[in-house]
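# Chains, contacts and geometry: an overview
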Amino acid sequence: MSNSPIVKISANDPKRKSWIKVNSYSDFPIQNIPFGVFITKHDVITIGTRIGKTCIDLAALHQLGYFEGVPLTEDIFMQDNLNDFIDDGRKTWRAVRNRIAEIFDENNPILRDNEKHREEILFDEKDIEMLMPISVNDYTDFYSSKEHATNVGSIFRDPENPLLPNYLHIPIGYHGRSSSIVISGTGIRRPAGQRKTNGKKEITFGPTKSMDFELEMAFITTGANKLGNTIPIGETDQYIFGMVLLNDWSARDIQAWEYAPLGPFLGKSFATSISPWIVTMDALQPFRVDGPEQDPKPLPYLRQTGKNNYDINLSASIKPKGKQEAVVCETNLKHMYWSVYQQLAHQASNGCNICTADIYGSGTISGPEKGSFGSMLEITWNGKEPIKMKDGTDRKFLKNGDTVILRGYCKNDKIRLGFGECRGIIKKTKEGI
Ligand SMILES: O=C(O)/C=C/C(=O)CC(=O)CC(=O)O
Ligand SMILES: [Ca+2]
Ligand SMILES: [Mg+2]
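What comes next concerns the included structure. Please read these numbers as outputs of a predicted model, since none were measured by experiment. (Residues numbered from 1 in each chain as written. Chains lettered and ligands numbered in written order. Predicted model: local features only at pLDDT ≥ 70, side-chain atom pairs only at ≥ 80, totals over all residues. Heavy atoms only, no water.)

### Examining the overall build of the protein chain
- Of regular secondary structure, the protein chain possesses 10 helices and 26 strands.
- At 22 Å, the protein chain has a C-alpha radius of gyration in line with the 22 Å of a compact globule built from 433 residues.
- Based on the C-alpha atoms only, the size of the protein chain along its principal axes is roughly 70 × 50 × 40 Å.
- Here the protein chain, with 433 residues, has 55% of them falling under the buried criterion.
- Considering only residue pairs separated by 6 or more positions, the protein chain has 73% of its internal contacts joining residues 24 or more positions apart.
- Accessible area for the protein chain stands at about 19,200 Å²; split by element, carbon and sulfur atoms hold 50% of it. (Helix = DSSP H or I, 4+ residues; strand = E, 2+ residues; numbered from the N terminus. Rg over C-alpha atoms; globule rule 2.2 N^0.38 Å. Buried < 20%, exposed > 50% of the residue type's maximum accessible area, 1.4 Å probe, protein only. Contact = heavy atoms within 4.5 Å. Areas by Shrake-Rupley, 256 points an atom, 1.4 Å probe, with all protein chains shown as cover.)

What follows is the structure in structure tokens.
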């Protein structure tokens, strides 16, 4: 089954320019129109979007009549999360994005020339604070990078046979913890836990000695199937609202000791960070590419044709406190073995219901070569090959005071759009733990 034939979406017109100034390297040209939640300098929480460095209060835009003719409830943007809007479905998301593109088109004077309205609707990014975009319903994290699975299999298990026999048949995942998903900028406390210290027999409890990040992306869904029903792979695209950057913080010593036989647990559930702006699947359409060839052929419920992967350039940087950041990984979402559509069809294949504001992580995104590995576990091969920061210090894993910054963008010969940043600073373990 082919997923989402590429339809013409007027908001994606690459020729359109906005009357709001946008730098050529901005992640937020008028073709992006992401959705997020922010608090304004007047202490008002609103759903918004962004063009360049200008944040747009969608509740104010709606109240002032700019969405006339688009079927929306009066308070749809006067919310502290996007759940209701996401629940409205793809027709509504499309209509809203298309209208926003029209309002901010350089040739449209209606808001451009209305100073009073502009003052009510527009805010400089410096004058707002981003909040969690959704109230997370449920969280799954997949394991869809074959390169990552191969690397972790070599480190934790058998270098001769790193990939488990199920890997090429089934999109592996684990159930994450939704309560500890936090917005970019939130400090991350180094967790304590049980671990078996390298080479020693003794089991101890204490702050992790191998604090790690995982460079991931995640997709966010709208309600799809009722409990007991499934989703044909050819229909999955209708239910994906958009994507964010995701950092699945991981404590490798805790993980390595606890994970057998049920998988990741407390080594990962202490925190997961996401970027604040949700970039819609519609905005990402121009960046669809073929995925890797799948051999063996997946079972029929996972079979797809067409361009089902996304060409999204990704990077991870570490910034020691008060020092310059160093890029430690450059990779691309296009490497993923299992597509987002296969992940979603698989999640629903047992009749599990897909809900509004669920988050599905891609799994760590590693590329084929060194320099494209998406975690310190792989970059330093579990601490055996430390890397140098720009201040001359070494890193096997993350130190307190280090900030990890994930970034992602798409680019073709016509447009560039991106995801902004997903940041988190490592703080020391709470005393008494
Ligand atoms: O191979 C393992 O035992 C575990 C690997 C992971 O760290 C699991 C995970 O979070 C999935 C991923 O990010 O790809
Ligand atoms: Ca992960
Ligand atoms: Mg985590």
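### Some words on unusual backbone geometry
- With an omega dihedral of 0°, the bond running from Ala-260 to Pro-261 counts as a cis peptide bond.
- Following the sequence through the fold, Pro-261 ends up in the loop between helix 7 (252–258) and strand 16 (272–274).
- Across the junction of Asp-295 and Pro-296, the peptide omega takes the value 5°, indicating a cis bond.
- Mapped onto the secondary structure, Pro-296 falls in the loop between strand 18 (288–289) and strand 19 (309–310).
- Phi angles above zero are rare outside glycine, and Ile-33 is one such case at about 50°.
- Its location among the elements puts Ile-33 in the segment before strand 1 (36–39).
- The phi angle at Asn-382 is positive, at roughly 55°, despite the residue not being glycine.
- Among the secondary structure elements, Asn-382 is positioned in the loop between helix 10 (376–379) and strand 23 (387–388).

### Here we look at helix 9 (residues 340–348)
- Across the 9 residues of helix 9, 9 count as buried, placing the element largely inside the fold.
- When we look at burial in helix 9, the residues that qualify are Val-340, Tyr-341, Gln-342, Gln-343, Leu-344, Ala-345, His-346, Gln-347 and Ala-348.

### With respect to the sheet that holds strand 20 (residues 313–319)
- Ordered in space as 9-26-25-20-21, the 5 strands form an open sheet in which the pairing is mixed. Strands at the two margins of the open sheet, each flanked by one partner only, are strand 9 (188–189) and strand 21 (326–332).
- Looking at chain direction, strand 9 and strand 26 (residues 416–427) are connected through 2 bridges and run parallel. Bridged to Arg-189 within strand 26 is Lys-427. (Pairing = 2+ DSSP bridges.)

### A word on the packing of aromatic side chains
- This model, assessed by the stated rule, comprises 15 aromatic pairs.
- Measuring from ring centre to ring centre gives 5.3 Å for Tyr-337 and Trp-338, while their planes differ by 80°; the resulting arrangement is edge-to-face. For the pair formed by Tyr-337 and Trp-338, the shared burial category is buried.
- Grouped by ring-pair contacts, the aromatic residues Phe-35, Phe-67, Phe-77, Phe-85, Trp-93 and Phe-241 constitute a single cluster. (Phe/Tyr/Trp six-rings, centres within 6.5 Å; stacked < 30°, edge-to-face > 60°.)

### A word on the coordination of the calcium ion (ligand 2)
- Taken together, the protein donors to the calcium ion (ligand 2) comprise Asp-141 (OD), Glu-214 (OE), Glu-216 (OE) and Asp-248 (OD), at separations of 2.2 to 2.3 Å.
- Around the calcium ion (ligand 2), the 6 donor atoms sit at angles spanning 79 to 166°, and that spread fits a shape best called octahedral.
- Each donor residue of the calcium ion (ligand 2) belongs to the same chain, with the gaps between them written as D-x72-E-x1-E-x31-D. Placement of Asp-141 in strand 6 (residues 138–142) and of Glu-216 in strand 13 (residues 215–221) is noted, with a sequence separation of 75 residues between them. For the residue pair Asp-141 and Glu-216, the accessibility class agrees, reading buried in each case. (Donors = N, O, S within 2.8 Å, 3.2 Å for Na, K, Ca; no water. Tetrahedral: all angles 85-135°; square planar, octahedral: opposite > 155°, others 65-115°.)

### Things to note about the site of ligand 1
- Of all residues adjacent to ligand 1, which total 16 residues, the nearest are Tyr-143, Arg-157, Gln-255, Lys-268 and Thr-364.
- Gln-255 is positioned with one of its side-chain polar atoms (N or O) 3.0 Å from an oxygen atom of ligand 1.
- Contact with the protein chains covers 94% of the free accessible surface of ligand 1, which is 380 Å².
- Of all the secondary-structure elements, those providing two or more residues to the shell around ligand 1 are strand 6, helix 6 (146–156) and helix 7.
- Looking at side-chain class alone, the shell around ligand 1 contains 5 nonpolar, 4 polar and 7 charged residues. (Near = heavy atom within 4 Å. Polar contact = N/O pair within 3.5 Å; in protein donor to acceptor, adjacent residues only side chain to side chain. Nonpolar A, V, L, I, M, F, W, Y, C, P; charged D, E, K, R; others polar.)

Note that every value here comes from positions in space, so none of it alone points to a role or purpose.
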